[in-house]
Amino acid sequence: MTKEELMRKAIELSVQNVAEGGGPFGAVIAKNGEIIAMGVNRVTPDCDPTAHAEVSAIRTAAKILGTFDLSGCEIYTSCEPCPMCLGAIYWAHLDRMYYGNSKKDAADIGFDDAFIYEELDLKPADRKLKSEVLLPEEAIKAFRDWENKTDKVEY
C-alpha cells in the first residue's frame, strides 16, 4: 500500500470510530507498505484514559510481531499525537510518523493537550498535579538490582 492509502485507512478508522461511539482518532502501523496493526480511540467506551488510537495500535503491533521494538515500522495516525502517544511512538522505535489533523485542529474541537506540554516545562513543585518524593532510599533498590542484572533485556 502507498503512504496515502495507509493514511486514508487511518482516517477511515477515525470516521468509523466516531459513528460507533468512540473518539475521532485512528492509527495504522505498517511495515514495508503492509498493515501490521490498527487502533482507534476507545477512551470513553472502554473507560480507559490510555486507550488512544496510537497506543492501541502499538500494543497490537508489538503482540503480533512479538517484540517491543517496532523499528522498521511506520505509524499513520489521523491526528498529530498527544504527548502520551508521542512518547509511546518514541519508546516503540517506530521509524517514521505520518499524521493528518494537527494538534491545533484537535484543540479546536476540545482535545487540547497544550496544558500538558506547559506542565512538563515546570518544576514538579510548580505543577498542578501535586507530587512529592517518598521513600527514595527504598525505591532505589530496584534500580540497583536492574543495574547489576547480567541477563536483562535492555529497551
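Predicted, not measured: the structure shown is a model, and the values here were computed from it. (Residues numbered from 1 in each chain as written. Predicted model: local features only at pLDDT ≥ 70, side-chain atom pairs only at ≥ 80, totals over all residues. Heavy atoms only, no water.)

With respect to unusual backbone geometry
Although it is not a glycine, cysteine 47 adopts a positive phi angle of roughly 50°. As for its placement among the helices and strands, cysteine 47 is situated in the loop between helix H2 (43-46) and helix H3 (53-65). Relative accessible area serves as the criterion here: at 69%, cysteine 47 is assigned to the exposed category. Positive phi, normally seen in glycine, also occurs at leucine 135, with a value near 55°. Within the secondary structure, leucine 135 sits in the loop between helix H6 (114-120) and helix H7 (136-148). (Helix = DSSP H or I, 4+ residues; strand = E, 2+ residues; numbered from the N terminus. Buried < 20%, exposed > 50% of the residue type's maximum accessible area, 1.4 Å probe, protein only.)

Here's the deal with the packing of aromatic side chains
Pairs of aromatic rings are described using the distance from one ring centre to the other and the angle between the two planes. Applying the stated criterion across every chain, the model contains four aromatic pairs. Between tryptophan 146 and tyrosine 155 the ring centres are 6.2 Å apart and the planes differ by 65°, which places this aromatic pair in the edge-to-face class. Positioned above the aromatic ring of tyrosine 117 is the side chain of lysine 103, whose terminal nitrogen or guanidinium carbon lies 4.7 Å from the ring centre. (Phe/Tyr/Trp six-rings, centres within 6.5 Å; stacked < 30°, edge-to-face > 60°. Lys NZ or Arg CZ within 6 Å of the ring centre and 35° of its normal.)

A short note on a nonpolar patch on the surface
Taken together, Phe68, Trp146, Val153 and Tyr155 make up a surface patch of nonpolar side chains, about 480 Å² in accessible area. The topology assignment puts phenylalanine 68 in the loop between H3 and strand E3 (73-79). A residue is classified by how much of its surface remains accessible, and phenylalanine 68, at 43% relative accessible area, is partly exposed. (Patch = residues over 30% accessible without salt bridge, like charges linked within 9 Å, V, L, I, M, F, W, Y side chains within 5 Å. Areas by Shrake-Rupley, 256 points an atom, 1.4 Å probe, with all protein chains shown as cover. Salt bridge = Lys/Arg side-chain N within 4 Å of Asp/Glu carboxyl O.)

Examining helix H1 (residues 3-19)
Given a rise of 1.5 Å per residue, 17 residues ought to cover 24 Å, and the 25 Å separating the end C-alpha atoms of H1 matches this to within 8%. Along H1, the positions that sit buried rather than exposed are Leu6, Met7, Ala10, Leu13, Ser14 and Asn17. For H1, the angular spread of the buried residues around the axis is 110°, confining them to a single face. Along H1, the residues that are exposed and aim more than 90 degrees away from the buried face are Arg8, Val15 and Ala19. Those residues of H1 hidden inside the fold are in contact with strand E1 (26-31), strand E2 (34-40), E3 and strand E4 (96-101). Residue glycine 21 follows H1 closely and has a positive phi angle near 100°. (Expected span 1.5 Å × (residues − 1). Arc of directions from axis to C-beta. Contact = heavy atoms within 4.5 Å.)

Some points on the pairing of E1
Every regular strand shows the same layout, with side chains that alternate between the two sheet faces. For E1, the tally of buried residues reaches five of six residues, placing the bulk of the element in the interior. Here E1 pairs with E2 via six bridges, running antiparallel. Within the sheet, the bridge partner assigned to glycine 26 lies in E2 and is valine 40. What sits between the antiparallel neighbours E1 and E2 is a turn of two residues, in which asparagine 32 has the positive phi angle 55°. Looking at chain direction, E1 and E3 are connected through five bridges and run antiparallel. (Pairing = 2+ DSSP bridges.)

Brief notes about the nonpolar core
Of all hydrophobic cores here, the largest spans 16 residues; its most connected members are Ile29, Ile58, Leu70, Ile75 and Leu94. No other element matches H3, which puts four residues into this core. Leave out the neighbours within four places in its chain, and isoleucine 58 touches Ile29, Leu70, Ala88, Ile89, Ala92 and Leu94. Counting nine residues, the second-largest nonpolar core is a separate cluster that includes Met7, Ala10, Val28 and Tyr98. (Core = buried A, V, L, I, M, F, W, Y, C linked by side-chain atoms within 4.5 Å.)

Comments concerning the sheet that holds E2
Reading across the sheet, the four strands line up as E2-E1-E3-E4 and stay open at both edges, with mixed pairing between neighbours. Strand pairing shows two members of the sheet lacking a second neighbour, E2 and E4, which therefore form its edges. Pairwise comparison of adjacent strand axes, ignoring direction, gives a mean angle of 15° for this sheet. By the bridge criterion, five bridges tie E3 to E4 in an arrangement that is parallel. Paired with glutamate 74 across the bridge in E4 is arginine 96. Where H3 meets the sheet, its contacts fall on E1, E2 and E3, and the angle it forms with E2 comes to roughly 140°. (Axes fitted to C-alpha atoms, helices over the stretch in contact; angles between N-to-C directions.)

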